[in-house]
Amino acid sequence: MAGRPPSDLPLALHDVSYRAGETIILDGVSLHLTTGAPTIIIGPNGSGKTTLLRVAMGLLQPTIGRVTWGGRENSPPIRRAFVFQRPVMLRRSAAANIHYVLKSAGVPRRRWTEETKRLLDMVGLPNLGARPARKLSGGEQQRLALARALARDPEILFLDEPTAALDPISTQSIEEILQSAAARNIKIVMSTHDLHEARRLAGDIVFMNRGRVIENAPSATFFTSPATEDGRRFTRGELLT
Ligand SMILES: Nc1ncnc2c1ncn2[C@@H]1O[C@H](COP(=O)(O)OP(=O)(O)OP(=O)(O)O)[C@@H](O)[C@H]1O
């Protein structure tokens, strides 16, 4: 059937484990993500957040278990986009970075200029299209990375600590873009170290430790009454052992 590819939601991980050699990085993770407010993944360093995102995106194959997108195991990532903590920009202008994605997404060339303007406006970079992308500040590059991801018209947007290297003003601007994307029904799945940011953005929280999902609950529930001792300690800012 022509037209839009089928929905990638719900996104489900079925008892997924991921190993690198003898190291267990994800350990029996099951998740069911549907449309709605952002899902925010939190947990200490090395708990498996990045690996979980990469498996959920389809960039890594689980060692054990299955991932399904809209009930399908083989779903090419046409409607999924990924923003990394430190974006890698092509050595060309900001606009050309977006053109590259529009081309690969099959958008006709005659629409590139208009579409690029719309995306640069959306991320608050209206006058920077001609600038070499690698000369933009870290915050500007991250907004450009978001524009590139949104150029794919994704149904699910994965982000790995996108504000970790940014100051509060740049962080706020990224959060506003994400909130407006979520309001347009784009499913956000994002990791962060920042519990305040998690509270601001989350519909639901996935709390990880040592490769396991310890809690998966609506944000208000997790932050007011975590179900586990690890959850209580983490929300109080204590170290987990
Ligand atoms: N390919 C690999 N080979 C061996 N170990 C790996 C590999 N990939 C990840 N790890 C280890 O698995 C653990 C989880 O890594 P991951 O990057 O998913 O955690 P994280 O929660 O995103 O961490 P951080 O908050 O520090 O970014 C870490 O201890 C990491 O060193």
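Not measured: the values here are computed from a predicted model.

## Some points on the packing of helix 4 (residues 138–151) against helix 5 (residues 168–183)
Turning to step 1, where the next piece is worked out: Two elements in contact, helix 4 and helix 5, have axes whose closest approach is 9 Å; the angle formed by their N-to-C orientations is 15°. With respect to helix 5, the element helix 4 is oriented roughly parallel. Crossing of helix 4 over helix 5 shows right-handed handedness. Here Gly139, Gln142, Arg143, Leu146 and Leu150 of helix 4 lie close against helix 5, whose contacting residues are Ser170, Ser173, Ile174, Ile177, Leu178 and Ala181.
Turning to step 2, where the next piece is worked out: Of the residues assigned to the contact of helix 4 with helix 5, the class counts are six nonpolar, four polar and one charged.

## Concerning helix 5
Turning to step 1, where the next piece is worked out: In this model helix 5 runs 22 Å from its N-terminal to its C-terminal C-alpha over 16 residues, within 8% of the 22 Å that 1.5 Å per residue would give.
Turning to step 2, where the next piece is worked out: Listed in full, the buried residues belonging to helix 5 are Ser170, Thr171, Ser173, Ile174, Glu175, Ile177, Leu178, Ala181 and Ala182.
Turning to step 3, where the next piece is worked out: In this fold, the buried residues of helix 5 make contact with helix 3 (112–122), helix 4, strand 6 (156–160), strand 7 (187–191) and helix 6 (195–201).
Turning to step 4, where the next piece is worked out: If you check the start of helix 5, you find a side-chain oxygen 3.2 Å away from the backbone N of Ile169, and it comes from Asp167.

## A few points about the site of the ligand
Turning to step 1, where the next piece is worked out: Taken together, Ala20, Ile25, Pro44, Asn45, Gly46, Ser47, Gly48, Lys49, Thr50, Thr51, Glu161 and His193 make up all the residues around the ligand.
Turning to step 2, where the next piece is worked out: Here Glu161 contributes a side-chain N or O atom positioned 3.4 Å from an oxygen atom of the ligand.
Turning to step 3, where the next piece is worked out: When the ligand sits alone it has 640 Å² of accessible area, and the protein chains cover 56% of it.
Turning to step 4, where the next piece is worked out: The biggest single contributor to the shell around the ligand is helix 1 (residues 49–57), with three residues.
Turning to step 5, where the next piece is worked out: Of the residues belonging to the shell around the ligand, the class tally is three nonpolar, seven polar and two charged.

## Some points on the UniProt feature "domain: ABC transporter" (unreviewed entry) in the chain
Turning to step 1, where the next piece is worked out: The positions that UniProt labels "domain: ABC transporter" (unreviewed entry) are, in the present scheme, residues 11–235.
Turning to step 2, where the next piece is worked out: Annotated as residues 11–235, this span is 36% helix and 26% strand, and its ends, taken at the C-alpha atoms, are 27 Å apart.

## Remarks on the confidence of the model for the chain
Turning to step 1, where the next piece is worked out: Across the chain, pLDDT averages 95, with 99% of residues at or above 70.
Turning to step 2, where the next piece is worked out: Interface confidence in the predicted complex, given as ipTM, is 0.96; pTM for the same model is 0.95.

## Details of the packing of aromatic side chains
Turning to step 1, where the next piece is worked out: Per the stated rule, a full pass over the model turns up five aromatic pairs.
Turning to step 2, where the next piece is worked out: Here Phe82 and Phe158 contribute two aromatic rings whose centre-to-centre distance is 6.3 Å and whose plane-to-plane angle is 20°, an arrangement assigned as stacked. Here the residue Phe82 occupies a position in strand 5 (residues 80–83), and Phe158 occupies one in strand 6, the gap between them amounting to 76 residues. Neither residue differs from the other here; Phe82 and Phe158 are each classed as buried.

## Some thoughts on unusual backbone geometry
Turning to step 1, where the next piece is worked out: Of the consecutive residues Leu9 and Pro10, the connecting peptide bond is found in the cis state with omega at -5°.
Turning to step 2, where the next piece is worked out: The residue Asp153 is not glycine, and still its phi comes out positive at about 50°.
Turning to step 3, where the next piece is worked out: Although it is not a glycine, Glu161 sits at a positive phi angle of roughly 45°.
Turning to step 4, where the next piece is worked out: Examined against the element boundaries, Glu161 turns out to sit in the loop between strand 6 and helix 5.
Turning to step 5, where the next piece is worked out: Residue Glu161 is classed as buried on the basis of its relative accessible area, which comes to 10%.

## Section: the nonpolar core
Turning to step 1, where the next piece is worked out: Ranked by internal contacts, the top residues of the largest apolar core, which has 47 residues, are Ile42, Leu144, Leu146, Leu157, Leu178, Ile188 and Ile205.
Turning to step 2, where the next piece is worked out: With seven residues, helix 4 is the largest single contributor of residues to this core.
Turning to step 3, where the next piece is worked out: Those residues in contact with Ile188, other than ones at most four positions away along the chain, are Pro38, Thr39, Leu157, Leu159, Leu178, Ala181 and Ala182.
Turning to step 4, where the next piece is worked out: Of all hydrophobic cores here, the second largest spans 23 residues; its members include Val67, Trp69, Val189 and Met208.

Cut-offs and rules
- Residues numbered from 1 in each chain as written.
- Predicted model: local features only at pLDDT ≥ 70, side-chain atom pairs only at ≥ 80, totals over all residues.
- Heavy atoms only, no water.
- Axes fitted to C-alpha atoms, helices over the stretch in contact; angles between N-to-C directions.
- Helix = DSSP H or I, 4+ residues; strand = E, 2+ residues; numbered from the N terminus.
- Parallel < 35°, antiparallel > 145°, perpendicular 65-115°, else oblique.
- Left-handed = near helix turned anticlockwise from the far one by under 90°.
- Contact = heavy atoms within 4.5 Å.
- Nonpolar A, V, L, I, M, F, W, Y, C, P; charged D, E, K, R; others polar.
- Expected span 1.5 Å × (residues − 1).
- Buried < 20%, exposed > 50% of the residue type's maximum accessible area, 1.4 Å probe, protein only.
- Polar contact = N/O pair within 3.5 Å; in protein donor to acceptor, adjacent residues only side chain to side chain.
- Near = heavy atom within 4 Å.
- Areas by Shrake-Rupley, 256 points an atom, 1.4 Å probe, with all protein chains shown as cover.
- UniProt positions renumbered as here; feature names shortened; annotations may be inferred.
- pLDDT = per-residue confidence, 0-100.
- Phe/Tyr/Trp six-rings, centres within 6.5 Å; stacked < 30°, edge-to-face > 60°.
- Core = buried A, V, L, I, M, F, W, Y, C linked by side-chain atoms within 4.5 Å.

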